[in-house]
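Structural characterization, general
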Amino acid sequence: MSEAGVSMAEPGVLRLAGVLDYRSGPALRKEGKTLIGACREPRLVLDCSGVVKSSSVGLSLLLAFMRDGQSAGKTCQLRGIPEDMQEIAQVYDLEEVLAG
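Note that the structure is predicted; figures quoted are calculated from it, not measured.

Details of the overall build of the protein chain
What the protein chain contains, in helices and strands, is 4 helices and 4 strands. Shown N-terminal to C-terminal, the secondary structure of the protein chain runs as helices and strands in the order β-β-α-β-α-β-α-α. The principal-axis extent of the C-alpha atoms belonging to the protein chain is close to 30 × 30 × 20 Å. Across the 100 residues that make up the protein chain, the buried fraction comes to 42%. Of the roughly 5700 Å² of accessible surface on the protein chain, 51% is carried by carbon and sulfur atoms. When the 11 basic and 13 acidic side-chain charges of the protein chain are each reduced to a single mean position, those positions are 9 Å apart.

Overview of helix α3 (residues 83-91)
Within the span of α3, buried status applies to M85, I88 and A89. Seen end-on, α3 carries its buried residues on one side only, within an arc spanning 105 degrees. Those residues of α3 that are exposed and angled more than 90 degrees off the buried face are E83, Q90 and V91. Residues of α3 that are buried in the fold lie against β3 (43-54), α2 (56-71) and α4 (95-99).

Topic: the environment of M8
On the secondary structure map, M8 appears in strand β1 (residues 5-10). For M8 and L46, which are 38 residues apart along the polypeptide, the C-alpha to C-alpha distance reads 9.5 Å.

Quick word on the nonpolar core
Counting 22 residues, the largest nonpolar core has L14, L16, L46, L62, F65, L78 and L98 as its most contacted members. Those elements that place two or more of their residues in this core are β2 (13-20), α1 (25-38), β3, α2 and α3. When residues no more than four places from it in sequence are discounted, the contact partners of L62 are L16, L46, C48, L78, I81 and M85.

A short note on the pattern of salt bridges
For side chains bearing opposite charge, pairing can occur when the charged atoms are close. Using the criterion set out here, one finds 4 salt bridges in the structure. Between D21 and R23 there is a salt bridge, with its nearest N and O atoms 2.8 Å apart. For D21, a relative accessible area of 10% puts it in the buried group. Between D68 and R29 there is a salt bridge, with its nearest N and O atoms 2.5 Å apart.

About the thresholds
Residues numbered from 1 in each chain as written. Predicted model: local features only at pLDDT ≥ 70, side-chain atom pairs only at ≥ 80, totals over all residues. Heavy atoms only, no water. Helix = DSSP H or I, 4+ residues; strand = E, 2+ residues; numbered from the N terminus. Buried < 20%, exposed > 50% of the residue type's maximum accessible area, 1.4 Å probe, protein only. Areas by Shrake-Rupley, 256 points an atom, 1.4 Å probe, with all protein chains shown as cover. Lys, Arg positive; Asp, Glu negative; His and termini not counted. Charge placed at Lys NZ, Arg CZ, Asp CG, Glu CD. Arc of directions from axis to C-beta. Contact = heavy atoms within 4.5 Å. Core = buried A, V, L, I, M, F, W, Y, C linked by side-chain atoms within 4.5 Å. Salt bridge = Lys/Arg side-chain N within 4 Å of Asp/Glu carboxyl O.

This is the structure in structure tokens:
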């Protein structure tokens with residue numbers, strides 16, 4: 001099992017990594033919201049290339065982080081969404097939301 005984490009990999013790039021599930025979700029949500037609030041870049045990239053496995057919690061985190069970024073006046077872009085997150089997005093008819 002890979003430990004989950006969220007970090008500001010570089011200015012304006014929020015990187016999610018590891019296993020995103022009900023165990024890791026609450027802490028990642030809190031930490032990510034804080035990082036987004038401190039970010040001064042006008043654009044926010046949500047980088048999921050380090051995600052090993054995700055449940056619907058991972059998709060929920062992405063949507064919450066997009067909302068946080070938009071509330072802070074940032075344009076949001078997604079990068080590296082793993083296949084399992086894309087499949088969950090299809091079930092919930094959210095492909096267009098994730099496409100931007």
